[in-house]
Amino acid sequence: METIWFYAQLGFKHVLDFQGLDHFYFIIALAIPFGFREFKKLLLWVSIFTLGHTLSLFGNYYFELILPAEWIEFLIPVTITLSCIPLLITQKINHKTIFIPIITLVFGLIHGFGFGRYFSLIASEDEALYQLFSFALGVEAAQIAIVLGVLIISFFALNVLKTNKSKWDLIIGAMILSQAILMMVEKNPL
């Protein structure tokens, strides 16, 4: 039980780490266009992200799938930038397409490779699968907390403050995009 708790906490803190807000930004950009009615869809998408994240950790640990760190660190803010594009377009993209879940899975894979080296250092050989599962539970819990927070804040902004939905998406998207661009400049491998 102690192992589950340790790795679940580690996964939760990984998502909410103020030293690396990339995960946080991505989930906000994913959730901001939606309301409480689409909660099940958002839950599915953050779970797909967790699946991708977990698969890359699994591949890194068990099959030594190690990608160049400088490129992964650069691609992470690229994924955030791409997730902001629908927020900046006034004519909204149909989020019911298969495109969003596939992109979310790919983004999860990239983000997971960013944490893979560290996970490989701390996981014990005899319990790695158990630890990986516990870590994924923590990641999922943190993502759900972020989604709920985004939905509550959006509800308040749109229904209480009467903010225009397109402007709200644009403002949040621009704020996240500015941070992602700064990260891309800092992490540029060239």
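Here goes a summary of the coordinates provided.

Criteria and thresholds
Residues numbered from 1 in each chain as written. Predicted model: local features only at pLDDT ≥ 70, side-chain atom pairs only at ≥ 80, totals over all residues. Heavy atoms only, no water. Core = buried A, V, L, I, M, F, W, Y, C linked by side-chain atoms within 4.5 Å. Buried < 20%, exposed > 50% of the residue type's maximum accessible area, 1.4 Å probe, protein only. Helix = DSSP H or I, 4+ residues; strand = E, 2+ residues; numbered from the N terminus. Contact = heavy atoms within 4.5 Å. Salt bridge = Lys/Arg side-chain N within 4 Å of Asp/Glu carboxyl O. Phe/Tyr/Trp six-rings, centres within 6.5 Å; stacked < 30°, edge-to-face > 60°. Axes fitted to C-alpha atoms, helices over the stretch in contact; angles between N-to-C directions. Parallel < 35°, antiparallel > 145°, perpendicular 65-115°, else oblique. Left-handed = near helix turned anticlockwise from the far one by under 90°. Nonpolar A, V, L, I, M, F, W, Y, C, P; charged D, E, K, R; others polar. Patch = residues over 30% accessible without salt bridge, like charges linked within 9 Å, V, L, I, M, F, W, Y side chains within 5 Å. Areas by Shrake-Rupley, 256 points an atom, 1.4 Å probe, with all protein chains shown as cover.

Counting residues in each nonpolar core, the largest one holds 48 residues, and the members touching the most others are Ile80, Phe119, Phe135 and Ile176. Only helix H1 (2-15), helix H2 (22-31), helix H3 (39-63), helix H4 (69-88), helix H5 (99-122), helix H6 (128-160) and helix H7 (165-187) provide two or more residues apiece to this core. Tallying contributions element by element places H6 first for this core, with 10 residues. Excluding anything up to four places from it in sequence, Ile176 contacts Tyr25, Ile28, Ala29, Ile80 and Cys84.

The full count for this structure, using the stated rule, is two salt bridges. The salt bridge partner of Glu73 is Arg117, with a shortest N-O separation of 3.8 Å. Taken together, the residues span a long stretch of sequence, with Glu73 in helix H4 and Arg117 in helix H5 at a distance of 44 residues. A relative accessible area of 31% means that Arg117 is categorised as partly exposed. The salt bridge partner of Asp169 is Lys165, with a shortest N-O separation of 2.8 Å. Highlighted residues: Asp169 and Lys165, both in helix H7, separated by four residues, approximately one helical turn. Given a relative accessible area of 1%, Asp169 falls into the buried group. You can call Lys165 partly exposed: its relative accessible area is 30%.

Applying the stated criterion across every chain yields a total of 15 aromatic pairs. Summarising the aromatic geometry, the rings of Tyr61 and Tyr62 are spaced 5.0 Å apart at their centres and angled 80° between planes, so their arrangement reads as edge-to-face. Under the relative-accessibility criterion, Tyr61 is labelled buried at 18%. Cluster of aromatic residues (ring-pair linked, three or more members): Phe6, Tyr7, Phe58, Tyr61, Tyr62, Phe63, Phe115, Tyr118, Phe119 and Phe135.

Before going further, it helps to spend a moment on the packing of H1 against H6. Where H1 meets H6, the axes come as close as 6 Å, and the angle between the chain directions of the two elements is 45°. Taken together, the axis directions place H1 and H6 in an arrangement best described as oblique. Helix-helix and strand crossings are classified by hand; for H1 and H6 the assignment is right-handed. In contact with Thr3, Ile4, Tyr7, Ala8, Leu10, Gly11, Phe12, His14 and Val15 of H1, H6 contributes Tyr130, Gln131, Ser134, Phe135, Gly138, Val139, Ala141, Ala142, Gln143 and Ile146. By residue class, the composition of the contact of H1 with H6 is 12 nonpolar, seven polar and no charged.

In this section: unusual backbone geometry. The backbone phi angle of Glu64 is positive, close to 50°, even though this residue is not glycine. The phi angle at Lys162 is positive, at roughly 60°, despite the residue not being glycine. The residue Lys162 is located in the loop between H6 and H7 in this model. Relative accessible area serves as the criterion here: at 63%, Lys162 is assigned to the exposed category.

Taken together, the side chains of Phe36, Leu148, Ile152 and Phe155 make up a nonpolar region of the molecular surface, amounting to roughly 370 Å² of accessible area. One can find Phe36 in the loop between H2 and H3. By relative accessible area, Phe36 is classed as partly exposed at 41%.

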